[in-house]
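Overview (structure and organization)
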Number of protein chains: 2
Amino acid sequence: MAKQIDFYYDYSSPYGYLASQRIEQIASEHGLKINWQPILLGAVFKVSGQAPLLSYPLKGDYAIIDFARSAREHNIAFNQPKHFPIGAVAASRATRWLADHSDKTQSTKTSELVHAFFKAYYVDGHDLSKPDVVLNAAESIGINRDSLEAALGEQSVKDHLRMAIETAIERGVFGSPTMVVDGEMFWGNDRLDQLNRWLSSGGW
Amino acid sequence: MAKQIDFYYDYSSPYGYLASQRIEQIASEHGLKINWQPILLGAVFKVSGQAPLLSYPLKGDYAIIDFARSAREHNIAFNQPKHFPIGAVAASRATRWLADHSDKTQSTKTSELVHAFFKAYYVDGHDLSKPDVVLNAAESIGINRDSLEAALGEQSVKDHLRMAIETAIERGVFGSPTMVVDGEMFWGNDRLDQLNRWLSSGGW
């Protein structure tokens, strides 16, 4: 039996953000923890042959409308960022670093950090690609700024993120958000309800 | 107030097929008719820069699993076709032709034809790109085979499909299925529930 939902997301993905606002409630209803797995879609797309959503004519225009509409449906604060998409390398490294210093099933602190980063980008409108924005957000939830700043420059932290992304790709992850539970993969914010039904019913 | 749901789909799209099995129930709950709008994603992708789903590494592998899983959830008969994807030109022209010879809001006969084509491809495993398969399916619901065969060669029928696809693209349609009601566009089989909530609530 599953003990956790692996939740793969890119901080630059609006659907990743929207799903991050609801996944904990779903997990909690089924007694599961969230294993936060930040990835970088830029690296994934090199393998999967995709391109950033807004770069597609027609599909990109729809996405802009759909981000906001999907947020409104669930009363989630959402402001389309001016800088979009971004490379959320620092935020992703910071999340991996904190998780490595927490317990195996991911601490409450890691969840707090995930939400702080998403809020900085999608609510407060800060450019999350900037290390200062990352450090400010981390500091706002009580993480030591100097320790994190030092960690972001460490090779082991860089390696951990890179290897985690490689493992995600090997597992078949190609988009954000992707939820994996008991080996079953669900892609997309619009699959949260299906995931919930899957967990409730034991699958079909 | 809307009187119909414009339902854009490619006969070669599994998600179009799956949505076709549920959209009438949703429409009927809200007193709406379905305006069946067959399109060819090959033409759409030239504008939108996309490629057939299964051509994407990782994403294609997931799609194969997801088609079947999404079908099972709603007890919809589904067999992954051997010939996939196909160019469903003849089936699309036949649908447009029949719709042109029916009343404005699309007749029951057009719905029957849509379901007969999808069944031939996704249940019975016939290659719907072949005119004979199209003619057989049409004949099975009482459409005159000779009349349809003659119609498939008519320039006006070819032009109608081409123009309808151009109009769909101008409207922003980039995928299958796409549902448009009162100017609001929803893309994807996994958005049927959201569309239903939108219609129930009057939007948000």
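Up top you'll find the structure we're talking about.
What follows concerns the interface of chain B and chain A. Reports often express the size of an interface as the amount of accessible area lost when the parts come together. Contacts between chain B and chain A engage 30 residues on the former and 30 residues on the latter. Surface buried jointly by chain B and chain A totals about 3,000 Å² across both partners, of which 50% is contributed by carbon and sulfur atoms. Where chain B meets chain A, there are ten salt bridges. Here B:Arg69 and A:Glu184 are joined by a salt bridge, their closest N and O atoms 3.0 Å apart. Where chain B touches chain A, the interface holds 18 residue pairs in polar contact (both at pLDDT 80 or more). Residue composition of the side of chain B that touches chain A, grouped by class: 14 nonpolar, six polar and ten charged.

Moving on, we come to the packing of helix α4 (residues 59–73) of chain A against helix α10 (residues 192–201) of chain B. Pairs of packed helices are described in terms of their axes, by the angle between the two and the distance that separates them. Packing of α4(A) against α10(B) brings their axes to within 12 Å, and their N-to-C directions diverge by 65°. Between α4(A) and α10(B), the crossing angle belongs to the class labelled roughly perpendicular. Here α4(A) runs over α10(B); the crossing is left-handed. Residues A:Asp66, A:Arg69, A:Ser70 and A:Glu73 of α4(A) form the contact with α10(B), whose own contacting residues are B:Gln194, B:Arg197 and B:Trp198. A class-by-class count of the residues in the contact of α4(A) with α10(B) yields one nonpolar, two polar and four charged.

Right, let's talk about the packing of aromatic side chains for a bit. Following the criterion strictly, the structure yields 42 aromatic pairs over all chains and no others. Ring centres of A:Phe67 and A:Phe84 lie 6.1 Å apart, and the angle between their planes is 70°; on these two criteria the pair is classed as edge-to-face. Of the two residues, A:Phe67 sits in helix α4 while A:Phe84 sits in the loop between α4 and α5 (89–100), which places them 17 residues apart along the sequence. A ring pair is formed by B:Phe7 and B:Trp36, whose centres lie 5.3 Å apart and whose planes are at 80°; its orientation type is edge-to-face. Here B:Phe7 is found in strand β1 (residues 4–9), whereas its partner B:Trp36 is found in strand β2 (residues 33–38), with 29 residues between them in sequence.

Rules of the game
Residues numbered from 1 in each chain as written. Chains lettered and ligands numbered in written order. Predicted model: local features only at pLDDT ≥ 70, side-chain atom pairs only at ≥ 80, totals over all residues. Heavy atoms only, no water. Contact = heavy atoms within 4.5 Å. Buried area = accessible area lost by both parts, 1.4 Å probe. Salt bridge = Lys/Arg side-chain N within 4 Å of Asp/Glu carboxyl O. Polar contact = N/O pair within 3.5 Å; in protein donor to acceptor, adjacent residues only side chain to side chain. Nonpolar A, V, L, I, M, F, W, Y, C, P; charged D, E, K, R; others polar. Axes fitted to C-alpha atoms, helices over the stretch in contact; angles between N-to-C directions. Helix = DSSP H or I, 4+ residues; strand = E, 2+ residues; numbered from the N terminus. Parallel < 35°, antiparallel > 145°, perpendicular 65-115°, else oblique. Left-handed = near helix turned anticlockwise from the far one by under 90°. Phe/Tyr/Trp six-rings, centres within 6.5 Å; stacked < 30°, edge-to-face > 60°.

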